[in-house]
Amino acid sequence: MAKFSTIKQHIYQKIESGEWPENHPVSSENALAEEFSVSRMTARRALQELADEGLVIRTQGAGTFVAPIKSQTSFMAIRNIADEVRSRGHDYRAKVHHMRVQQASSQVAEALALEPGVDVLHSTIVHYENDKPVQLEERYVNPNLVPDYLKQDFSKVTPHEYLCVVTPLTEASHQIEAILPISAVCQYLSIDRHEPCLRIIRRTWSSGGVVSYAILTHPGSRFKLGGHLNFSNS
């Protein structure tokens, strides 16, 4: 596991367990760098990704704090799939099936706030937990905001991790639905066509506009959606 991911996992566990409730101060960059024997830049990346995910709030001069519950999205909805798998002590890997430029359909164009028919960047990736496919990720990316997307090796870093670094995310929306998979999805996920799946449709924004439109499909027998929330008495 990358060192910055180890720091993120440490903070995830503190928040999810309730040890660090909302508004609790988070260790500083210097403290994390010393505790995990990493550079301050690595610690800063971990904190910035958590801030981009909405789990912490960073205030210049004041420090970093656990975000209020009302500001947090569901843990499972926003957590990086690689971090989620590794948090269970399991092996994670990804297989990249397609990386290509294609013309945006009307649906994709609308999701990315672009004109139909313009070129967008498209990746198809299957994520594995202990060698079992647990997520099919179909992601469409705005090339105006992330021009180097197709040059990345997403078997080593997830698209989510990469996007958090190159274009800090400011907003996300999610739509969750139960579906029966089409044959292509069955092949990617190695499931029977009668197995229900959970599909998460996610759009993310940066200050420059809509960054990506992702369709995340999970086999129902291999996925749980949940989280742990702590509410203050105020």
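Residues numbered from 1 in each chain as written. Predicted model: local features only at pLDDT ≥ 70, side-chain atom pairs only at ≥ 80, totals over all residues. Heavy atoms only, no water.

### So, the sheet that holds strand β2 (residues 56-59)
If you trace the 3 strands from one edge of the open sheet to the other, you get β1-β3-β2, paired in antiparallel fashion. The sheet is open, and its two edges are formed by β1 (25-26) and β2, each paired on a single side. The pairing of β1 with strand β3 (residues 63-66) spans 2 bridges and is classified as antiparallel. Within β3, the residue paired with Pro25 across the bridge is Phe65. (Pairing = 2+ DSSP bridges. Helix = DSSP H or I, 4+ residues; strand = E, 2+ residues; numbered from the N terminus.)

### Focus: the domain arrangement of the chain
Domain parsing of the chain yields domain 1 (3-66) and domain 2 (81-219). Counting residues at the interface gives 9 residues for domain 1, matched by 8 residues for domain 2. For the pair domain 1 and domain 2, the two sides together bury roughly 770 Å², of which 46% comes from carbon and sulfur. Remark: the boundary between domain 1 and domain 2 carries 1 salt bridge. Close ionic contact of Asp83 with Lys8 constitutes a salt bridge, the shortest N to O distance being 3.5 Å. At the boundary of domain 1 with domain 2, the tally comes to 0 residue pairs in polar contact (both at pLDDT 80 or more). Here the side of domain 1 that touches domain 2 gets 5 residues from one element, more than from any other, and that element is helix α1 (residues 3-16). Grouping the amino acids of the side of domain 1 that touches domain 2 by side-chain chemistry returns 2 nonpolar, 2 polar and 5 charged. (Domains from an automatic or database assignment. Contact = heavy atoms within 4.5 Å. Buried area = accessible area lost by both parts, 1.4 Å probe. Salt bridge = Lys/Arg side-chain N within 4 Å of Asp/Glu carboxyl O. Polar contact = N/O pair within 3.5 Å; in protein donor to acceptor, adjacent residues only side chain to side chain. Nonpolar A, V, L, I, M, F, W, Y, C, P; charged D, E, K, R; others polar.)

### Comments concerning α1
With 14 residues, α1 extends 20 Å between its outermost C-alpha atoms, agreeing within 8% with the 20 Å of an ideal straight helix rising 1.5 Å per residue. Of all 14 residues that make up α1, 10 are buried, and the element is covered over most of its length. Regarding α1, the residues found buried are Phe4, Ser5, Ile7, Lys8, Gln9, His10, Ile11, Tyr12, Lys14 and Ile15. Once α1 finishes, Gly18 follows within two positions and takes phi at roughly 90°, a positive value. (Expected span 1.5 Å × (residues − 1). Buried < 20%, exposed > 50% of the residue type's maximum accessible area, 1.4 Å probe, protein only.)

### Regarding the packing of helix α3 (residues 40-52) against helix α7 (residues 159-166)
Put simply, α3 and α7 touch, their axes get as near as 10 Å, and they point 100° apart. The orientation of α3 relative to α7 falls into the category roughly perpendicular. Here Arg45, Glu49 and Asp52 of α3 lie close against α7, whose contacting residues are Glu161, Cys164 and Val165. Broken down by class, the residue content of the contact of α3 with α7 amounts to 2 nonpolar, no polar and 4 charged. (Axes fitted to C-alpha atoms, helices over the stretch in contact; angles between N-to-C directions. Parallel < 35°, antiparallel > 145°, perpendicular 65-115°, else oblique.)

### Some thoughts on the state of the cysteines
In this structure the tally under the stated criterion is 0 disulfides. In this structure Cys197 is not part of a disulfide, and its nearest cysteine sulfur, from Cys186, lies 6.9 Å away. (Disulfide = S-S within 2.5 Å.)

### Things to note about unusual backbone geometry
The backbone of Asn23 sits at a positive phi, close to 75°, despite the residue not being glycine. In this fold, Asn23 is placed in the loop between α1 and β1. Positive phi, normally seen in glycine, also occurs at Ala113, with a value near 60°. Along the chain, the position of Ala113 falls in the loop between α6 (106-112) and β5 (119-129).

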